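# Descriptive structure summary
The lines below spell out each chain.
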Amino acid sequence: MSSYGSFPGARPRRLRTTPAMRRMVAETRLHPADLILPAFVREGISEPVPIASMPGVVQHTRDTLKKAAVEALEAGVSGIMLFGVPEESKKDAVGTPGTDPDGILQVAIRDVRAEVGDDLIVMSDLCLDETTDHGHCGVLDAQGRVDNDATLERYAEMAQVQADAGAHVVGPSGMMDGQVGVIRDALDQTGHEDVSVLAYTVKYSSAFFGPFREAVGSSLKGDRKTYQQDPANTAESLRELALDLEEGADMVMVKPAGPYLDILAKVAQHADVPVAAYQISGEYAMIEAAAERGWIERDKAIMEALLGIKRAGADMILTYWATEVARQL
């Protein structure tokens, strides 16, 4: 009997028959250049300090941070996003270490730039949460609320000192209204026209940030629900995107990544600049914890999670596995 017209005529499984076939027709590919390594550097330590809730991640010394930057570069990673952890005694209400040229983050930026030059994109977290004694991302008013406009003045100062230290890219992560415009103006007025702004355009008030608080030694009192986004909302993200683009964002970010792939896809569809996604501490910790218990295959789960983020529309992914995955790729 002729097979012409018999069911099934179309057999998609033909394109899944072997690893070589699947590789040839893959619609989404990860590349080392897609990856950015977030890294923490802590003041006043002589050895790296393991982060208990993020197995395999540490608070670096200045020396081990430089080594991590070189390893990322050699693996083909595109960038490193730096977070500074000052000594507890130096924190204050306005986050003074964040604008001190000799604050730990600024020192670390200079260290890494001296080590890698322009071969690795050096990015800096532009926020006050690591440097304030109350742990919020901005300056507080008399009622204890985050004062948006007073905070913008601090962000403008931070942008200048981070750029002076050598940051190629600043990443304002505080979710203050108008932050991108103020930072862009501050950079342009101080001769830093070439420094890019990676806007944390979409940043949800997420339960998945938990381990990060340990990583940066957070002093947070209360929560950040009045400035980070409500997980229930979608349209709000596109409004934030439009505002950041209008204010001059060079790149935009969605954070967290995995729980918000729908938002990432919408932002990628509407943005005309590169889109980043941050696979955050809780996403990392869940996979590591489940793998440690033998419940999932670690390496395959990592790759699948990253592939999903790329497939949803991310041009760049910030992930604590950046160097490891880049080596595998």
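As shown above, the structure is provided for reference.
Since we're looking at a predicted model, the values are computed, not measured.

### A closer look at the pairing of strand β5 (residues 121–126)
By the criterion of burial, β5 is predominantly enclosed, with five of the six residues buried. When strand β4 (residues 79–85) meets β5, the two strands line up parallel, connected through four bridges. Bridging from a neighbouring strand, Gly79 pairs with Ile121 of β5. Chirality of the crossover, the property in question, places the unit of β4, helix α3 (residues 104–116) and β5 among those that are right-handed. As paired strands, β5 and strand β6 (residues 169–172) are joined by four bridges and run parallel to one another. Within β6, the position partnered with Asp125 by the bridge is Gly171. Following the backbone out of β5, through helix α4 (residues 148–165) and into the adjacent parallel β6, one traces a crossover that is right-handed.

### Examining helix α9 (residues 281–292)
The first and last C-alpha atoms of α9 sit 16 Å apart over twelve residues, in line with the 16 Å expected at 1.5 Å per residue. In terms of residue burial, α9 counts as a mostly covered element, since nine of its twelve residues are buried. Of the residues one or two after α9, Gly294 is the one with positive phi, at around 80°.

### As for the pairing of strand β8 (residues 251–255)
Of all five residues making up β8, five are buried, and the element is well covered by its neighbours. A two-sided burial pattern is seen for β8, the buried positions comprising Met251, Met253 and Lys255 on one face and Val252 and Val254 on the other. Relative to β8, strand β7 (residues 196–203) runs parallel, the two sharing four bridges. Paired with Ala199 across the bridge in β8 is Val252.

### Looking at the environment of Ala75
Within the secondary structure, Ala75 sits in helix α2 (residues 62–75). According to the relative accessible area criterion, Ala75 is buried, its value standing at 14%. With near-sequence residues (within four places) excluded, Ala75 lies in contact with Pro32, Thr323, Ala326 and Arg327.

### So, the pattern of salt bridges
Note that side chains of opposite charge can pair when their charged atoms are close. Applying the stated criterion across every chain yields a total of 15 salt bridges. Where Glu297 meets Lys300, a salt bridge forms, and the shortest distance between an N and an O atom there is 3.4 Å. Each member of the pair Glu297 and Lys300 is classed as exposed. When salt bridges that share partners are traced, they join Glu288, Arg298, Asp299 and Glu324 into one network.

### Comments concerning the packing of aromatic side chains
Considering all chains together, one arrives at six aromatic pairs under this definition. Judged by centre distance (5.8 Å) and plane angle (75°), the rings of Tyr284 and Tyr320 are edge-to-face. Of the two residues, Tyr284 sits in helix α9 while Tyr320 sits in the loop between β10 (316–318) and α11 (322–328), which places them 36 residues apart along the sequence. Judged by relative accessible area, which is 9%, Tyr320 ranks as buried. The rings of Phe40, Phe83, Tyr278, Tyr284, Tyr320 and Trp321 are connected pair by pair, giving a single aromatic cluster. Over the ring of Trp295 we find Arg293; its NZ or CZ atom is 5.8 Å from the centre of that ring.

Criteria and cut-off values
Residues numbered from 1 in each chain as written. Predicted model: local features only at pLDDT ≥ 70, side-chain atom pairs only at ≥ 80, totals over all residues. Heavy atoms only, no water. Buried < 20%, exposed > 50% of the residue type's maximum accessible area, 1.4 Å probe, protein only. Helix = DSSP H or I, 4+ residues; strand = E, 2+ residues; numbered from the N terminus. Pairing = 2+ DSSP bridges. Right-handed = clockwise from strand over helix to strand, strands pointing away. Expected span 1.5 Å × (residues − 1). Contact = heavy atoms within 4.5 Å. Salt bridge = Lys/Arg side-chain N within 4 Å of Asp/Glu carboxyl O. Phe/Tyr/Trp six-rings, centres within 6.5 Å; stacked < 30°, edge-to-face > 60°. Lys NZ or Arg CZ within 6 Å of the ring centre and 35° of its normal.

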